[in-house]
Amino acid sequence: MSPGRRLAASLLLLGLLVGGATAGEAEGMLSYQLGDYAAAMRELQPAAAAGSVRAAAAVGFMYATGQGVPQDVAEGLKWLERAAASGDAEAQYNLGHVHDAGLGGARNVAEAARWYRLAAEQGRADARYNLGVLLKEGGEGVPQDYAEAAKWFRLAAEQGDAYAQLALGLLYVRGSGVAQDFAEAQKWVRLAADQGYAVAQYNLASMYFEGHGVTRDEAEAVRLFELAAGQGYAPAQFNVGISYHTGRGVAPDDVAAARWFKLAADQGYAPAQANLAMLYDHGQGVPQDDKQALLWYSLAANQGDVYGQYGLGAMYRNGYGVAQDNVMAYMWTSLAAQHGLPIAMKDLDTLTARMSPAEIEQARKLAIAWVQRSRGKSP
């Protein structure tokens, strides 16, 4: 059960100002809320120069992210640091984001944590959550500390932050930084799921499927998977497809399975691509189609999916949808065998028996080259 990703960008929440606002500040805030960033910058930059901390925070964020002006991270940092030095929690949070995201340069985890902590200490739930993520992951200048991460997740979770509720729940699932406690995990994950957070719905569904913290209930698991899947969450779409294909928690229906696999596959989710390929390969829920099977196996295989690699190897071995090619068959089958897939290891023996040493050597070189390319693409 994997947690949802931390939001890629911070949200600048600009409330309309009443009494005491610097000239142009309220108008600039309104323009920002309406999405007219150029007008917002025209109004807010003079206000920031006149000493408005709130306007400086907004101007800094817009420069750092390129809203209303060409992106200029250095200029953005200047304004954000001015506002942050005055104790503005929003500026502190956004400074954390700039360093966390590596806008305009290398990511600086230590600086991100420092600014998030200052905002977190002022009670910002999003800063508390992001600080918890950095502590959970660890990084240069920030030692990994699950217990400290749990502390900040809990504070944000108690404020109702769905991301933090899920993160805290998953720490309880794993027993990281807290004692393993599936009942406590279920409580926090459910709170996040009840807010409509798709990743939490997916994780709560997984708990029902596995009987962790709740009575095992595959029908309830499918219901929750479908809620997350309906929001476009690819792993949930895949799991709904698996449920229909296997008939677990729902009546078997390969037509429905194919539909859900396709939704996830179109998002690039490799396990769904491999399973959709398998349905085309065997004509289950879709017309049998070797070309479609080859396409989807290839997409999954090139992402490193073991079943995609095995399926693609089998297509080359049998000449289905592609010219029969023992070298390519051996290459892909050997990659699947490296993952310990028993059927792949068996088929590799069959291929070895009918290939020359030169062909096997060529296939091995291709497999090594693929692995090297694949590692080069990894972050």
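Quick caveat: nothing in here was measured; it's all calculated off a predicted structure. (Residues numbered from 1 in each chain as written. Predicted model: local features only at pLDDT ≥ 70, side-chain atom pairs only at ≥ 80, totals over all residues. Heavy atoms only, no water.)

Peer 1: Please clarify how the packing of helix 12 (residues 218–229) against helix 13 (residues 234–246) should be interpreted in this entry.
Peer 2: Any two packed helices are characterised by how steeply their axes cross, that is the angle between the axes, and by the distance between the axes. The contact between helix 12 and helix 13 brings their axes to 8 Å, and the two run at 140 degrees. Our classification of the angle between helix 12 and helix 13 gives oblique. The hand of the helix 12/helix 13 crossing is left-handed. The residues of helix 13 that touch helix 12, namely those facing Val222, Phe225, Glu226, Ala228 and Ala229, are Ala236, Gln237, Asn239, Val240, Ser243 and Tyr244. Split into classes, the residues belonging to the contact of helix 12 with helix 13 amount to seven nonpolar, three polar and one charged. (Axes fitted to C-alpha atoms, helices over the stretch in contact; angles between N-to-C directions. Helix = DSSP H or I, 4+ residues; strand = E, 2+ residues; numbered from the N terminus. Parallel < 35°, antiparallel > 145°, perpendicular 65-115°, else oblique. Left-handed = near helix turned anticlockwise from the far one by under 90°. Contact = heavy atoms within 4.5 Å. Nonpolar A, V, L, I, M, F, W, Y, C, P; charged D, E, K, R; others polar.)

Peer 1: Can you help me understand the side chain of His99 in this one?
Peer 2: Structurally, His99 is set in helix 5 (residues 89–101). Those residues in contact with His99 that sit more than four places away from it in its chain are Leu77, Arg107, Asn108, Glu111, Ala112 and Trp115.

Peer 1: What should I look at first to understand the packing of aromatic side chains in this one?
Peer 2: Both the distance between ring centres and the angle between the ring planes are used here to describe each pair of aromatic rings. In total, this model carries eleven aromatic pairs according to the counting rule given. Pairing Tyr163 with Tyr197 gives two aromatic rings, centres 4.5 Å apart and planes at 45 degrees, and the pair type is tilted. Residue Tyr163 is found in helix 9 (residues 162–174), and its partner Tyr197 is found in the loop between helix 10 (182–194) and helix 11 (198–210); the two are separated by 34 residues along the sequence. Note on Tyr163: relative accessible area 24%, which makes it partly exposed. On the basis of an interplanar angle of 75 degrees and a centroid distance of 5.5 Å, the ring pair of Tyr202 and Tyr233 is categorised as edge-to-face. Linking Tyr202 in helix 11 with Tyr233 in the loop between helix 12 and helix 13, this pair joins segments that are 31 residues apart in sequence. In this structure, Tyr202 and Tyr233 share a single accessibility class: buried. Joined through ring pairs, the aromatic side chains of Tyr129, Phe153, Tyr163 and Tyr197 make up one cluster. For Arg114, the ring lying beneath its charged end belongs to Trp115, and the centroid distance is 4.3 Å. Here Arg124 stacks its cationic end above the ring of Tyr93, 4.7 Å away from the centre of that ring. (Phe/Tyr/Trp six-rings, centres within 6.5 Å; stacked < 30°, edge-to-face > 60°. Buried < 20%, exposed > 50% of the residue type's maximum accessible area, 1.4 Å probe, protein only. Lys NZ or Arg CZ within 6 Å of the ring centre and 35° of its normal.)

Peer 1: Would you mind going over the pattern of salt bridges with me for this structure?
Peer 2: Opposite charge on two side chains lets them pair, provided their charged atoms get close. Applying the stated criterion across every chain yields a total of 13 salt bridges. Put simply, Glu111 and Arg114 hold a salt bridge, and the shortest N to O gap is 3.0 Å. Taken together, the positions of Glu111 and Arg114, both in helix 6 (residues 109–121) and three residues apart, correspond to about one turn of that helix. Owing to a relative accessible area of 40%, Arg114 belongs among the partly exposed residues under this scheme. A salt bridge links Lys262 to Asp266; the nearest nitrogen and oxygen atoms lie 2.8 Å apart. The network of salt bridges with common partners includes Arg117, Glu148 and Lys151. (Salt bridge = Lys/Arg side-chain N within 4 Å of Asp/Glu carboxyl O.)

Peer 1: I keep staring at the environment of Val327 and nothing clicks. Help me out?
Peer 2: By the secondary structure assignment, Val327 is in helix 18 (residues 326–337). Sequence-wise, Val327 and Trp79 are 248 residues apart; in three dimensions their C-alpha atoms are separated by 60 Å. With residues near it in sequence (within four places) discarded, Val327 still touches Met355, Glu359, Gln362, Ala363 and Leu366.

Peer 1: Help me out: how do you make sense of the environment of Gly96 in this one?
Peer 2: In this structure, Gly96 sits in helix 5. Residue Gly96 is classed as buried on the basis of its relative accessible area of 0%. Linking Gly96 and Ala113, residues 17 residues apart in sequence, is a C-alpha distance of 6.6 Å. The residues touching Gly96, leaving out its near neighbours within four places in the chain, are Ala112, Trp115 and Tyr116.

Peer 1: Just checking my understanding: could you explain the packing of helix 11 against helix 12 for this structure?
Peer 2: Put simply, helix 11 and helix 12 touch, their axes get as near as 8 Å, and they point 165 degrees apart. Judged by the inter-axis angle, helix 11 sits roughly antiparallel to helix 12. The element helix 11 and its partner helix 12 pack so that their crossing is left-handed. Residue-level inspection shows Ala198, Gln201, Tyr202, Leu204, Ala205, Ser206, Tyr208 and Phe209 of helix 11 in contact with helix 12, the latter providing Glu218, Glu220, Ala221, Leu224, Phe225, Leu227 and Ala228.

Peer 1: Sorry, what's going on with helix 7 (residues 125–137) here?
Peer 2: Since there are 3.6 residues in each turn of an α-helix, residues three or four apart along the chain are aligned in direction. Its 13 residues give helix 7 an end-to-end C-alpha distance of 18 Å, which sits within 8% of 18 Å, the value for a rise of 1.5 Å per residue. Of all 13 residues in helix 7, eleven are buried, a share of seventy percent or more. Here helix 7 has its buried residues at Ala125, Ala127, Arg128, Tyr129, Asn130, Leu131, Gly132, Val133, Leu134, Leu135 and Lys136. Summarising the contacts, the buried residues of helix 7 are in contact with helix 5, helix 6, helix 8 (146–158) and helix 9. Note on helix 7: the residue one or two positions beyond its end, Gly138, has a positive phi of about 75 degrees. (Expected span 1.5 Å × (residues − 1).)

Note that every value here comes from positions in space, so none of it alone points to a role or purpose.
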